[in-house]
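Remarks on the overall topology
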Amino acid sequence: MEKTELKNIVILATGGTIAGKASSGTQMTGYTAGAYSVADLLAGVPELGELAHISGEQLCNIDSSSITDALLLRLAQRCNELLAQDDVDGVVITHGTDTMEETAFFLNLTVKSAKPVVLVGAMRPATAVSADGPLNIINAVKVAVDAASTGQGVLVMMNDEIYSGRDVTKTNTANVATFKAPNGGPLGFIVGGEVHYYYRSVRPHTLQSEFDVTGVGVTALPRVDIIYTHIGEDRVFVDAALAAGARGIIYAGSGMGSIHEAVEAALAEAVGCGVVVVRSSRTGSGIVAAGLERWQEQGFLYADNLNPQKARLLLQLALLRTQERNEVQEIFNRY
Ligand code: ASP
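Residues numbered from 1 in each chain as written. Predicted model: local features only at pLDDT ≥ 70, side-chain atom pairs only at ≥ 80, totals over all residues. Heavy atoms only, no water.

With respect to the side chain of S201
Heads up, the rule is: Helix and strand labels come from DSSP, where a helix needs a run of H or I of at least four residues and a strand needs a run of E of at least two; each type is numbered from the N terminus. Here a residue-residue contact requires only that any non-hydrogen atoms of the pair lie within 4.5 Å.
Tracing the chain through its elements places S201 in the loop between β10 (194-197) and β11 (224-228). Beyond its immediate chain neighbours, meaning those up to four positions away, S201 contacts S164, R166, D167 and L187.

Shown next as structure tokens:
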């Protein structure tokens, strides 16, 4: 392709293992994530110059396990600024894999553009023998410049597979094939350097989403806590969430969002104090439905098939718009 025909892609770097440094080529754990800069990353993949006009920007350089609500907001706002520019055709975000699914879902709901946004990371540090980062970045840029990626919502490109930011989740601590969409599957693949799509996400995203974080500061983002059930649970964490000023609680219930008997009254008290309580599941896949009539009478909502960490983000955004339980449930049914 003629250089003049190439699209303009911004690589927004946030850190992670893709920028990770270990002390040897075989060290795959215990290394430092977010050690190399975006300039280092780009220098490692000169092939990108044949795919697009690339510019790099460093938003932060951290392990994604430490991403804050403030950073998430900044990332969404920066994506929107960049995508509003005529000379930007798409954004590729390099990101740690630990919380990539959360960032991808948040951006899927808050980016206001049909232009491609693709998150990419790596499971092996940049110093590793067989590091997966360089090919993942090349593939992410290929996805970002592909016309079929327009209007697909925020995407995750990992290990030759393309996922919707809504559905993707990390399923394995170490394997390069860690990303899956347990309730569906990938939207497409890269094979032989070519992008192939087979499916679309039908849930609203980007331009169809009602959520807008323009000018929203982190203090405006409501506190939502996740409480993870287990045998022998008691009400301690519900009380702690209330004491911390939570406006929402995601209850990561057992099975189809089942609630431990010892905690139910505390959750009902939380609803009585105006806290929105949403049942999700710790199982990792499947729908959580309305469940027992008793739970519905107590005002507990349900998260459809969003896992707890994704349900938390949707509840934060929902609470920016409404406190009405019926309206929040309607948002969970729709997104
Ligand atoms: N802990 C790393 C991170 O999330 C893991 C990775 O990137 O794969 O930043």
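Structural notes on helix α9 (residues 325-334)
Under the convention used in this document: Note on exposure labels: buried denotes an accessible area under 20% of the residue type's maximum, exposed denotes more than 50%, and partly exposed covers the range between, all computed with a 1.4 Å probe on protein chains only. An arc is given here, and it is the one of the directions from the helix axis to the C-beta atoms.
Buried within α9 we find V328, Q329, I331 and F332. Down the axis of α9, the sector holding all buried residues measures 155 degrees, keeping them to one side. In the core, the buried residues of α9 are packed alongside β13 (276-281), β14 (301-302) and α8 (308-321).

Notes on the packing of helix α3 (residues 100-110) against α8
To characterise two packed helices, one gives the angle between the axes of the helices and the distance between these axes. What counts, and what does not: In this analysis an axis means a line fitted to C-alpha atoms, helices contributing only their contacting stretch, and an angle means the value between N-to-C directions, from 0 to 180 degrees. Geometric relationships in this document are graded by angle, where less than 35 degrees denotes roughly parallel, more than 145 denotes roughly antiparallel, 65 to 115 denotes roughly perpendicular, and other angles denote oblique. Crossings are assigned a handedness: left-handed for a near helix turned anticlockwise from the far helix by less than a right angle, right-handed for a clockwise turn. Basically, the charged four are Asp, Glu, Lys and Arg, the nonpolar ten are Ala, Val, Leu, Ile, Met, Phe, Trp, Tyr, Cys and Pro, and anything else, Gly included, counts as polar.
Packing of α3 against α8 leaves a shortest axis separation of 9 Å and a crossing angle of 30 degrees. Judged by the angle between their axes, α3 and α8 are roughly parallel. Crossing of α3 against α8: the hand is right-handed. In this structure, α3 uses E101, E102, F105, F106, L109 and T110 to contact α8, whose residues at the interface are Q309, K310, L313, L314 and L317. Broken down by class, the residue content of the contact of α3 with α8 amounts to six nonpolar, two polar and three charged.

Quick look at the site of the ligand
Going by this rule: Throughout, the term near means that a residue has one or more heavy atoms lying within 4 Å of the molecule or strand in question. Definition of a polar contact: a pair of N or O atoms within 3.5 Å, with one able to donate and the other able to accept a hydrogen when the atoms are protein atoms, and with sequence-neighbouring residues admitted only if both atoms are side-chain atoms. The protein chains shown are the only cover counted for residues, whose accessible areas, like all others here, come from Shrake-Rupley with a 1.4 Å probe. A pocket here means an open set of points on a 1 Å grid, computed over the protein atoms alone, that has protein on both sides within 12 Å along at least five of seven lines. A cavity is instead a set of points where a 1.4 Å probe fits but cannot get out; residues with an atom within 4 Å of a point line either one. Cavity and pocket membership follows a simple rule, namely that a molecule belongs there if more than half of its atoms are within 2 Å of the grid points.
In the vicinity of the ligand, the residues found are G16, T17, D63, S64, G96, T97, D98 and A122. At a separation of 2.3 Å, an oxygen atom of the ligand approaches a polar side-chain atom of T97. Protein contacts shield 92% of the accessible area of the ligand, which totals 270 Å² for the unbound molecule. A molecule is said to occupy a pocket when more than half its atoms come within 2 Å of that pocket's grid points, and by this definition the ligand occupies the largest pocket. Considering only residue class, the shell around the ligand consists of one nonpolar, five polar and two charged.

Considerations on the sheet that holds β11
How we decide: Two strands qualify as a pair provided DSSP detects at least 2 bridges between them.
With parallel pairing, four strands are arranged side by side in an open sheet as β11-β12-β13-β14. Edge positions in the sheet fall to β11 and β14, since each has one partner strand and no second. Pairing geometry for β13 and β14, over two bridges, is parallel. In the strand pairing of β14, V278 is matched with L301. Packed onto the sheet, helix α6 (residues 261-272) meets β12 (248-253) and β13 and runs at close to 155 degrees relative to β12.

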